[in-house]
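Chain by chain, the residues:
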Amino acid sequence: MAELIDGKAISQAIKDEIREETAKLSEKNIKPCLAVILCGNDPASTVYVANKKKACEYCGFDSVSLELPEETSEEELLNKISELNKDERVNGILVQLPLPSHINEDAVIAAIAPEKDVDGFHAVSVGNLLIGRPGFVSCTPAGVIQLLKRSNVEISGKECVVIGRSNIVGKPMSVLMLRENATVTICHSRTKDLKEVCKRADILIVAIGKPRMIDASYVKDGAVVIDVGIHRLEGKKLCGDVDFESVEKVASKITPVPGGVGPMTIAMLMKNCLEGCLRQNGLLNE
Ligand code: NAD
């Protein structure tokens, strides 16, 4: 039976470390500040934004929150971002996605100053990641690396298969595993014989967006399985992209849903905001 990788405990440990660092910074009169923009009233987004504010409070950060109506124009939103880019108190800017359909998400992401791009979605952040320069890494993949490292999973030299090639999960995830010296294969909707490729993996990272699709027949005995997926089933129960009950019988370590990758995303957002604050104050040796 696989050992559980406890994302709740690991994310808590990271938030506690951040809180300690923030307390030390306050002696220098520095306090990290995150600005969160919510546009419209998507119920899931409203919950995510509230959780981000709560995490800021826990870590000792200031937070600025802009709640804009659904009918906000793209120009108005871009103007708000421009103000926050110039605001010296603000170290990180996050625009909660998805945006209302009349707003171009790419234009909004591009408008955020790269030095405040704590979501790591800006082309400059992505480029820095790819060529190994310092910069923000998108939170969910960065969280997966922390889960692996803090669970003593050796990455270097291992066969890693990432299922999914989205800009926010699959692609940055693959680059991060490469940076950790894994041998990386990226699978996607056109991959032929997904099962056979997945069975090569010592570390299988699943970000496919299909409830419980990956069962034990995709997993090599003793593999480490990370489930990035999150789906709300009827009756409100959550599940991932991995069929947990089947896979836990063959994997050596596995993340549950909920309580695996999910809580790491906010912890890494806090880490990015602290990093932004340190960098903007010339306190980061890079
Ligand atoms: P996405 O839909 O943008 O990407 C899914 C990827 O899976 C695509 O690249 C596609 O090529 C691939 N894919 C789809 N069907 C496939 C198939 N049959 N075989 C092989 N590959 C296939 O999704 P995303 O934004 O990358 O998110 C993936 C999952 O992770 C979703 O369940 C999402 O809800 C979840 N997610 C969780 C967090 C978190 O904080 N835990 C954050 C972001 C996303």
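The rules behind each value
- Residues numbered from 1 in each chain as written.
- Predicted model: local features only at pLDDT ≥ 70, side-chain atom pairs only at ≥ 80, totals over all residues.
- Heavy atoms only, no water.
- Patch = residues over 30% accessible without salt bridge, like charges linked within 9 Å, V, L, I, M, F, W, Y side chains within 5 Å.
- Areas by Shrake-Rupley, 256 points an atom, 1.4 Å probe, with all protein chains shown as cover.
- Salt bridge = Lys/Arg side-chain N within 4 Å of Asp/Glu carboxyl O.
- Lys, Arg positive; Asp, Glu negative; His and termini not counted.
- Charge placed at Lys NZ, Arg CZ, Asp CG, Glu CD.
- Helix = DSSP H or I, 4+ residues; strand = E, 2+ residues; numbered from the N terminus.
- Buried < 20%, exposed > 50% of the residue type's maximum accessible area, 1.4 Å probe, protein only.
- Pairing = 2+ DSSP bridges.
- Axes fitted to C-alpha atoms, helices over the stretch in contact; angles between N-to-C directions.
- 1 Å grid on protein atoms, 1.4 Å probe; cavity = no way out; pocket = protein on both sides within 12 Å on 5 of 7 lines; lining within 4 Å.
- Points joined across faces, edges and corners; volume = space filled by probe spheres on them.
- Nonpolar A, V, L, I, M, F, W, Y, C, P; charged D, E, K, R; others polar.
- Domains from an automatic or database assignment.
- Contact = heavy atoms within 4.5 Å.
- Near = heavy atom within 4 Å.
- Polar contact = N/O pair within 3.5 Å; in protein donor to acceptor, adjacent residues only side chain to side chain.

Let's talk about a negative patch on the surface
At step 1: On the surface, D42, E70, E71, E75 and E76 cluster together into a negatively charged patch.
At step 2: Structurally, the position occupied by E71 is in the loop between strand 3 (62-68) and helix 3 (74-86).
At step 3: On the basis of relative accessibility, which here comes to 63%, the residue E71 falls in the exposed class.

Quick word on the sheet that holds strand 8 (residues 224-227)
At step 1: Pairing within the open sheet is parallel, and its 6 strands lie in the order 1-11-8-7-5-6. If you trace the sheet from one side to the other, it starts and ends with strand 1 (3-4) and strand 6 (183-187), each paired once.

Here we look at the sheet that holds strand 2 (residues 33-39)
At step 1: If you trace the 3 strands from one edge of the open sheet to the other, you get 3-2-4, paired in parallel fashion. On the outer flanks of this sheet lie strand 3 and strand 4 (92-95), each paired with one strand and no other. Sheet twist, expressed as the mean angle between neighbouring strand axes with direction ignored, is 15°.
At step 2: As paired strands, strand 2 and strand 3 are joined by 7 bridges and run parallel to one another. Each bridged residue has a counterpart across the sheet, and for I37 the counterpart in strand 3 is L66.

Remarks on empty space enclosed by the protein
At step 1: Applying the stated criterion across every chain, the model contains 1 cavity of 30 Å³ or more.
At step 2: Within the residue set of the lining of the largest cavity, elements represented by two or more residues are strand 4 and helix 4 (105-111).
At step 3: Broken down by element, the residue count for the lining of the largest cavity peaks at 3 residues, all from strand 4.
At step 4: Among the residues forming the lining of the largest cavity, the class breakdown is 8 nonpolar, no polar and 2 charged.

Structural notes on the domain arrangement of the chain
At step 1: The domains assigned to the chain are domain 1 (27-114) and domain 2 (139-263).
At step 2: Domain 1 and domain 2 are separated by 29 Å when their C-alpha centres are compared.

Things to note about helix 7 (residues 170-179)
At step 1: Most of helix 7 is tucked away, with 7 of its 10 residues classed as buried.
At step 2: Those residues of helix 7 that sit buried are G170, P172, M173, S174, V175, L176 and M177.
At step 3: The inward-facing, buried residues of helix 7 abut helix 5 (123-131), helix 6 (139-150), strand 5 (159-163), strand 6 and strand 7 (203-206).
At step 4: Backbone geometry just after helix 7 places N181 at a positive phi near 70°.

Points about the site of the ligand
At step 1: Around the ligand, the structure places 23 residues, and the nearest of them are R165, S166, H188, K210 and T265.
At step 2: One of the backbone N or O atoms of V228 is found 3.4 Å from an oxygen atom in the ligand.
At step 3: At a separation of 2.8 Å, an oxygen atom of the ligand approaches a polar side-chain atom of T265.
At step 4: Summarising the interface, the protein chains cover 72% of the accessible area of the ligand, which totals 850 Å² for the free molecule.
At step 5: The residue inventory of the shell around the ligand, partitioned by class, reads 10 nonpolar, 10 polar and 3 charged.

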